[in-house]
Amino acid sequence: MASGKLLRQLIKSGIDGNDDSFRQVSEAIINEERQKQHHLLANDLERILYGRAKSSTPGMRKLVEDIPTDRERGMPLVEVREPVRSLTDVVLSDENRSCIEELLMEHHRIETLQSYGMHAVDRILFCGPPGCGKTLTAEVIATELNMPLVTVRIDSVISSYLGETASSLRKVFEYISASPMVVLFDEFDALAKERSDLAEHGEIKRVVNAVLQMMDSYEGQSVMIAATNHETILDSAVWRRFEEVLFFEPPNLEQLRKLLEMKLRGVRREFSVEGAKVVSMFNGMTHADVERVLRRSVKEMVLQGQEFLQLRHLENALRRENARRKRVMGR
């Protein structure tokens, strides 16, 4: 735990309402926990601190105040948050990591590109099954570019009223044109289904046309990321609107090993993840599956009052996860 001196300073800052001091002391506590190799705790503290403190900056307040709403229900069309996770918090395939690093370099040196009449990649499509890191990677890009992460709320954008979906989309594009941000269109297939599908009605086709037109006319400085679990149903014209397409898959054994090392960093344990035995226990799982199993394992260790994570904790959590997956797949 943090030293008594820092804890006293933290409480005093909170009582006095001194936000600057509160943040400085909080960051000192986070650094102290990292030095003790308590990385999981440090990560959690960072999310709490930056989710609170950064959202109160003038820039973030303005973004939140200006969030567009749909005309039908007055629901917000986007969700704004300050990203906290960086490249060190995600395990990617070599190809995807190389692509992300190249994208980041282009944006960090955007003035050089512009001097040659070129621009940085700002339209990316993420494809792959759920739980394989698409949303996390969008957050990582936002963190590395020091931009807010704005997620388009598909449930609010899509309307049952004729023409309202296109109207809401227009509001979203106007919003993301106002200032630089990383914009995530999650479940993008809901807005960009194949227009030649006879099962789809005319309104969906009008929505796809609207999406294509707005993407073509967009001239803002935001990075647009569209993510889908069903790339096979995307309209053929949609693909041409993206400069990069990344495919996400469940991690292979080497990626699983890296994922386990990263997620268990700072957790005292009685086993190593270097060997194949532990890694193979997670074979076939997605990133989200692995994180869920590890979270259950650590909870069991903590609730049992034990200091070290044991293999049996993993085995118990894996049994629960496998039973869960069987029930879901059996539906």
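Digging into the pattern of salt bridges
Taken as a whole and assessed by the stated rule, the structure comprises 19 salt bridges. Notably, a salt bridge pairs D70 with R73, separated by 3.3 Å at the nearest N-O pair. The exposure class of R73 is partly exposed, given its relative accessible area of 45%. Notably, a salt bridge pairs K263 with E291, separated by 3.4 Å at the nearest N-O pair. Within this pair, whereas K263 is found in helix α12 (residues 253-263), its partner E291 is found in helix α14 (residues 287-303), the two being separated by 28 residues in sequence. Salt bridges sharing common partners tie together D289, R292, R296, E321 and R324.

A short note on the packing of aromatic side chains
Within the structure shown, the criterion is met by five aromatic pairs. On the basis of an interplanar angle of 70 degrees and a centroid distance of 6.2 Å, the ring pair of F173 and Y218 is categorised as edge-to-face. Highlighted residues: F173 in helix α9 (residues 164-178) and Y218 in the loop between α10 (202-217) and β5 (223-228), separated in sequence by 45 residues. As far as the burial class goes, F173 and Y218 line up, both buried.

Section: the environment of K263
You can call K263 buried: its relative accessible area is 17%. Distance from K263 to L113, taken between C-alpha atoms, is 37 Å for residues 150 residues apart in sequence. In this structure the side chain of K263 is engaged in a polar contact, spanning 3.4 Å, whose partner is the side chain of E291.

Description of α14
In an α-helix, one turn spans 3.6 residues; hence positions three or four apart end up facing the same way. With 17 residues, α14 should cover 24 Å at 1.5 Å per step; its first-to-last C-alpha distance of 24 Å lies within 8% of that length. Inspection of α14 places H287, D289, V290, R292, V293, L294, R296, S297, V298 and M301 among the buried residues, and these make up the whole buried set. One or two positions beyond α14, positive phi appears at G305, with a value near 70 degrees.

Topic: the sheet that holds β5
Spatially, the six strands line up as an open sheet ordered β1-β3-β4-β5-β2-β6, and their pairing is mixed. Strands with a single pairing partner mark the edges of an open sheet, and in this sheet they are β1 (78-81) and β6 (244-247). This sheet shows a mean twist of 20 degrees between the axes of neighbouring strands, independent of strand direction. Pairing geometry for strand β3 (residues 149-152) and strand β4 (residues 182-185), over three bridges, is parallel. Looking at the pairing, L149 lines up with V182 of β4. The strands that helix α5 (residues 94-108) touches are β2 (123-127), β5 and β6; relative to β6, the one it contacts most, it runs at about 145 degrees.

Considering the packing of α12 against α14
Close contact between α12 and α14 brings their axes to 11 Å; oriented N to C, the two are set at 40 degrees. One way to sum up the angle between α12 and α14 is to call them oblique. Judged by the twist between their axes, the crossing of α12 over α14 is right-handed. In this structure, α12 contributes L256, L259, L260 and K263 to the contact, and α14 contributes H287, V290, E291 and L294. Residue composition of the contact of α12 with α14, by class: five nonpolar, one polar and two charged.

Considerations on unusual backbone geometry
A positive phi is found at N146, a non-glycine position, where the angle reads about 55 degrees. Position of N146 relative to the elements: it lies in the loop between α7 (134-144) and β3. A positive phi angle is found at E187, which is not glycine, with a value near 55 degrees. Topologically, E187 is positioned in the loop between β4 and α10. E187 gets classed as partly exposed once you look at its relative accessible area, which sits at 49%.

As for the layout of surface pockets
Empty space within the second largest pocket amounts to approximately 430 Å³. Around the second largest pocket, the lining is made up of 22 residues, and of these G131, C132, G133, T135 and A288 lie nearest the centre. Among the secondary structure elements, those contributing two or more residues to the lining of the second largest pocket are α7, β5, α12 and α14. Looking at the lining of the second largest pocket, its residues break down into nine nonpolar, six polar and seven charged.

Some thoughts on the environment of A210
Its place among the elements puts A210 in helix α10. C-alpha of A210 to C-alpha of K62: the two residues are 148 residues apart in sequence and 27 Å apart in space.

The rules behind each value
Residues numbered from 1 in each chain as written. Predicted model: local features only at pLDDT ≥ 70, side-chain atom pairs only at ≥ 80, totals over all residues. Heavy atoms only, no water. Salt bridge = Lys/Arg side-chain N within 4 Å of Asp/Glu carboxyl O. Buried < 20%, exposed > 50% of the residue type's maximum accessible area, 1.4 Å probe, protein only. Helix = DSSP H or I, 4+ residues; strand = E, 2+ residues; numbered from the N terminus. Phe/Tyr/Trp six-rings, centres within 6.5 Å; stacked < 30°, edge-to-face > 60°. Polar contact = N/O pair within 3.5 Å; in protein donor to acceptor, adjacent residues only side chain to side chain. Expected span 1.5 Å × (residues − 1). Pairing = 2+ DSSP bridges. Axes fitted to C-alpha atoms, helices over the stretch in contact; angles between N-to-C directions. Contact = heavy atoms within 4.5 Å. Parallel < 35°, antiparallel > 145°, perpendicular 65-115°, else oblique. Left-handed = near helix turned anticlockwise from the far one by under 90°. Nonpolar A, V, L, I, M, F, W, Y, C, P; charged D, E, K, R; others polar. 1 Å grid on protein atoms, 1.4 Å probe; cavity = no way out; pocket = protein on both sides within 12 Å on 5 of 7 lines; lining within 4 Å. Points joined across faces, edges and corners; volume = space filled by probe spheres on them.

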